[in-house]
Amino acid sequence: MRGVYPGTSNPPTIGHLAICEAAIEHHGLTGLDLVVSRNPLAKAVVERPTLDERVDVIEASTAHLEIVRVVVTELRLIAEIAAGYDVVVMGADKWHQVNDPVFYESEDHRDSAIDSLPTIAVARRGQDPVPPDLRLEVPGHIDEVSSTGARTGRSDWMTAEAIAAGHWD
């Protein structure tokens, strides 16, 4: 079983690692690709760290997870990124984006995209609701961890490798 976990991981956090570990264990994954889009939806252009710097830090942060690899793509929609995988992994915030019709040509396009997804594993984030049948259980202390929070002062949420890289100072 191969999984895909799309996102920017800017910076990679202890939450990202916990989600990877939970997905691997819960779904019996033999491989998990962390897929970073060159031009992600609903994200501002980031000058620093560069994409290459970010990929290097993500790879260093996940090196202990032997079946995880980092993949860079031009694709933007989760349905396109997840094509060909057995499981798509995401946080509740991303799940809400997947369901938001603003990112699609029409509601029918959105519905078709969601229908095309493989098994869905959604980790809760704060108070964001997650359908019980899609929920990926992660430790409770991970609920509030976010890259946004890490960039704005919660360096304790970053991976050790992200802190050492210093790109987010």
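Residues numbered from 1 in each chain as written. Predicted model: local features only at pLDDT ≥ 70, side-chain atom pairs only at ≥ 80, totals over all residues. Heavy atoms only, no water.

J.: Explain the overall build of the protein chain to me, please; I cannot follow it from the model alone.
T.: The number of helices and strands found in the protein chain is seven helices and six strands. In terms of C-alpha radius of gyration, the protein chain reaches 15 Å, essentially the compact-globule figure of 15 Å for 169 residues. Dimensions along the principal axes, computed over C-alpha positions, put the protein chain at roughly 45 × 35 × 30 Å. Sorting the 169 residues of the protein chain into buried and exposed places 51% on the buried side. Within the protein chain, residue pairs in contact and separated by at least 24 positions form 74% of the contacts whose partners lie at least 6 positions apart. For the protein chain, the exposed area adds up to about 8600 Å²; of that, 48% sits on carbon and sulfur atoms. Averaged over its 14 positive side-chain charges, the protein chain has a centre that lies 3 Å from the centre of its 27 negative ones. (Helix = DSSP H or I, 4+ residues; strand = E, 2+ residues; numbered from the N terminus. Rg over C-alpha atoms; globule rule 2.2 N^0.38 Å. Buried < 20%, exposed > 50% of the residue type's maximum accessible area, 1.4 Å probe, protein only. Contact = heavy atoms within 4.5 Å. Areas by Shrake-Rupley, 256 points an atom, 1.4 Å probe, with all protein chains shown as cover. Lys, Arg positive; Asp, Glu negative; His and termini not counted. Charge placed at Lys NZ, Arg CZ, Asp CG, Glu CD.)

J.: Sorry, what's going on with the layout of surface pockets here?
T.: Empty space left among the atoms is revealed by rolling a probe the size of a water molecule over them. There is about 430 Å³ of room inside the largest pocket. Along the walls of the largest pocket sit 25 residues, with His16, Lys43, Asp93, Arg125 and Ser147 positioned nearest its centre. Counting only elements with at least two residues in the lining of the largest pocket, the list comes to β1 (2-6), α1 (14-27), β4 (87-91), α4 (92-99) and α6 (147-151). Across the lining of the largest pocket, the residue classes break down as eight nonpolar, eleven polar and six charged. Of the pockets and cavities examined, the second largest pocket occupies roughly 270 Å³. Lining of the second largest pocket is provided by 15 residues; of these, Pro40, Ala44, Val45, Val46 and Arg54 occupy positions nearest its centre. Classifying every residue of the lining of the second largest pocket gives six nonpolar, five polar and four charged. (1 Å grid on protein atoms, 1.4 Å probe; cavity = no way out; pocket = protein on both sides within 12 Å on 5 of 7 lines; lining within 4 Å. Points joined across faces, edges and corners; volume = space filled by probe spheres on them. Nonpolar A, V, L, I, M, F, W, Y, C, P; charged D, E, K, R; others polar.)

J.: Sorry if this is basic, but what is going on with the sheet that holds strand β5 (residues 119-123) here?
T.: Strands in a sheet are paired, the pairing made by backbone hydrogen bonds, and the direction either parallel or antiparallel. Ordered by their spatial adjacency, six strands build an open sheet running β3-β2-β1-β4-β5-β6, and the pairing between neighbours is parallel. Of all strands in the sheet, those bounded by a partner on one side alone are β3 (68-73) and β6 (135-136). With six bridges connecting them, strand β2 (residues 31-37) and β3 associate as parallel partners. Paired with Ser37 across the strands is Thr73, a residue of β3. Helix-sheet contacts for helix α2 (residues 51-61) involve β2 and β3, and the interaxial angle to β3 is about 165°. Along the sheet, α4 contacts β4 and β5; its crossing angle with β4, the most-contacted strand, is approximately 110°. (Pairing = 2+ DSSP bridges. Axes fitted to C-alpha atoms, helices over the stretch in contact; angles between N-to-C directions.)

J.: How should I be thinking about the confidence of the model for the protein chain in this particular structure?
T.: Interpreting fine coordinate detail is not advised for predicted regions of low pLDDT. Counting all residues, the mean pLDDT for the protein chain is 93, and 99% of those residues have values of 70 or more. Ranking the elements of the protein chain by mean pLDDT puts α6 last, at 90, and β1 first, at 98. (pLDDT = per-residue confidence, 0-100.)

J.: How do you make sense of the pattern of salt bridges when you look at a structure like this?
T.: A side chain of one charge can pair with a side chain of the opposite charge if their charged atoms are brought near each other. Taken as a whole, this structure holds nine salt bridges when the rule is applied. Close ionic contact of Asp33 with Arg69 constitutes a salt bridge, the shortest N to O distance being 2.6 Å. Of this pair, Asp33 sits in strand β2 while Arg69 sits in strand β3, placing them 36 residues apart in sequence. Look at Asp33 and you get buried, because its relative accessible area is 0%. Note that Asp93 and Arg125 form a salt bridge whose closest N and O atoms lie 2.8 Å from each other. (Salt bridge = Lys/Arg side-chain N within 4 Å of Asp/Glu carboxyl O.)

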